[in-house]
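Observations on chain architecture
Each chain is listed here by its residues.
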Amino acid sequence: MVAEQLRPHGVTDEGVLRAMAAVPREEFLHPKMRRHAYEDRALAIDCGQTISQPLVVALMIQSAAPAPDEVVLEVGTGSGYAAAVVSRLCRKVISVEREPALAEHASATLRRLGFDNVEVAVGDGSLGWPDDAPYAVILVAAAAREVPQALLDQLTEGGRMVIPVAVNSDDPQDLRLYLRGPEGVSYRSLFPVLFVPLRPG
Ligand code: SAH
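The rules behind each value
- Residues numbered from 1 in each chain as written.
- Predicted model: local features only at pLDDT ≥ 70, side-chain atom pairs only at ≥ 80, totals over all residues.
- Heavy atoms only, no water.
- Helix = DSSP H or I, 4+ residues; strand = E, 2+ residues; numbered from the N terminus.
- Rg over C-alpha atoms; globule rule 2.2 N^0.38 Å.
- Contact = heavy atoms within 4.5 Å.
- Areas by Shrake-Rupley, 256 points an atom, 1.4 Å probe, with all protein chains shown as cover.
- Near = heavy atom within 4 Å.
- Polar contact = N/O pair within 3.5 Å; in protein donor to acceptor, adjacent residues only side chain to side chain.
- Pairing = 2+ DSSP bridges.
- Buried < 20%, exposed > 50% of the residue type's maximum accessible area, 1.4 Å probe, protein only.
- Axes fitted to C-alpha atoms, helices over the stretch in contact; angles between N-to-C directions.
- Expected span 1.5 Å × (residues − 1).
- Salt bridge = Lys/Arg side-chain N within 4 Å of Asp/Glu carboxyl O.

Once that is clear, we can look at the overall build of the protein. Assigned secondary structure in the protein consists of six helices and nine strands. In terms of overall size, the protein behaves like a compact globule, its C-alpha atoms giving a radius of gyration of 15 Å where 201 residues would be expected to give roughly 17 Å. Taken along its principal axes, the extent of the C-alpha atoms in the protein is 45 × 40 × 35 Å. Within the protein, contacts between residues at least 6 apart in sequence are counted, and of these 53% link residues at least 24 apart. Looking at the protein as shown, the accessible area adds up to about 9600 Å², and 51% of this sits on carbon and sulfur atoms.

Okay, here's the thing in C-alpha cells:
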C-alpha cells in the first residue's frame, strides 16, 4: 500500500507513511471484507457507511500536518481506521460519530489494538465537540453542504481543518483545507473526493 498507492500519489511525509504502514486496515473491516483491505478504494462498513480510501486518509492527514503535542478532532469515526492512523501522529484524538453502533464497534477495535489516545464520542459532529475545544486539527470524513461554523469556531489560531464540501448532493465534492490565522479563516481546494454525506442530528 505504501509503495504502490501512497508514495507515487503524493504522500511524501515519512511520519504519515510510517503511521499508514503501522495500522492494520483489515482489523477495521468486517471479516468478509478483509481480503479487500489493501485495495485502493473505500469499502463498505456497517450502517451503509464506508471506510475511506487509504490514499485519501493519508493525504488528508498530510495536509492537516498534526504535530506530536496537538489534539485532533475527527468528525465521522466510521470504522475507526483514520482515527487510528492520525493517533500515531498527535497527542490525542477525539472522534465523534452519530451512529451509536459504529461508535461502539470502532471504540472496541481501537481498544483491542491498543490505540489508547483515541476517545470515541456519540453525537452530531457538525457541532464539533466543545468539551475538548479548541483543536489544532479537525478532520471531517463526511461531505458538508456548508462548512459548519461550530467547527471553524473550535479551531485554534494556527489550526487546520480538512473537510469535503458539496453544495448539492450530486455535485462533485471539493476537499478543502481551512486555516485559522491571525486575520481569520481562509481555505484552499485540495482535490475532488467522494464521501458519504454529513448528516445533521
Ligand atoms: N473515518 C472513517 C470513515 C467514515 S465514513 C473511517 O476511517 O472508517 C463517515 C462517517 O461519518 C459515517 O460513519 C457516518 O455515520 C458519520 N457521520 C455522518 N454525519 C455525521 C455527523 N453529523 N456527526 C458525526 N458523524 C457523522
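Around the ligand lies a shell of 25 residues, among which S79, E97, D124, G125 and R199 are the nearest. The side chain of E97 places a nitrogen or oxygen atom 2.6 Å from an oxygen atom of the ligand. The backbone of R98 places a nitrogen or oxygen atom 3.3 Å from a nitrogen atom of the ligand. In isolation the ligand has 580 Å² of accessible area, and contact with the protein removes 99% of it. Of all elements in the fold, only strand 2 (50–51), helix 4 (81–87) and strand 4 (92–97) reach the threshold of two or more residues within the shell around the ligand.

Okay, the pairing of strand 8 (residues 173–181) next. In the sheet, strand 7 (residues 155–165) pairs with strand 8 via six bridges, with the strands oriented antiparallel. By the bridge assignment, P164 is partnered in strand 8 with L175. When strand 8 meets strand 9 (residues 184–193), the two strands line up antiparallel, connected through nine bridges. Bridge assignment links L175 to a residue of strand 9, and that residue is F191. Adjacent in sequence and paired antiparallel, strand 8 and strand 9 are bridged by two residues.

Take the environment of M1 next. Among the structural elements, M1 can be located in the segment before helix 1 (2–6). By relative accessible area, which is 21% here, M1 ends up partly exposed. Along the chain, M1 and L17 lie 16 residues apart, while their C-alpha atoms are 9.7 Å from each other. When near neighbours in sequence (up to four residues on either side) are disregarded, M1 contacts L6, M20, Y38, P54 and Y81.

All right, on to the sheet that holds strand 6 (residues 135–140) then. Read across the sheet, seven strands follow the order 5-4-3-6-7-8-9 without closing on themselves; strand pairing throughout is mixed. Lying at the two open borders of the sheet, with one neighbouring strand each, are strand 5 (118–122) and strand 9. Taking the axes of each pair of neighbouring strands and ignoring which way they run, one obtains an average angle of 15 degrees across the sheet. Pairing analysis gives four bridges linking strand 6 to strand 7, with the strands arranged parallel. Bridge pairing in strand 7 links I138 to M161. Strands strand 4 and strand 5 of the sheet are contacted by helix 5 (residues 100–112), whose axis makes an angle of about 165 degrees with strand 5.

The next subject is helix 5. Look at helix 5: 18 Å from first C-alpha to last across 13 residues, which is about the 18 Å you get at 1.5 Å a residue. Next to the buried residues of helix 5 lie helix 4, strand 4 and strand 5. Directly beyond the C-terminal end of helix 5, a positive phi value near 85 degrees is found at G114.

A few words on helix 2 (residues 14–22). Restricting attention to buried positions, one finds in helix 2 the residues G15, V16, L17, A19 and M20. Here the buried face of helix 2 lies against helix 1, helix 3 (54–64) and helix 4.

Take the pattern of salt bridges next. For the coordinates displayed, the defined rule picks out eight salt bridges. The shortest N-O distance in the salt bridge between E27 and R112 comes to 2.9 Å. Taken together, the positions of E27 in the loop between helix 2 and strand 1 (43–44) and R112 in helix 5 put the pair 85 residues apart, joining distant regions of the chain. Overall, the relative accessible area of 23% leaves E27 in the partly exposed class. The salt bridge involving R41 is made with E39; its shortest N-O contact spans 2.8 Å.

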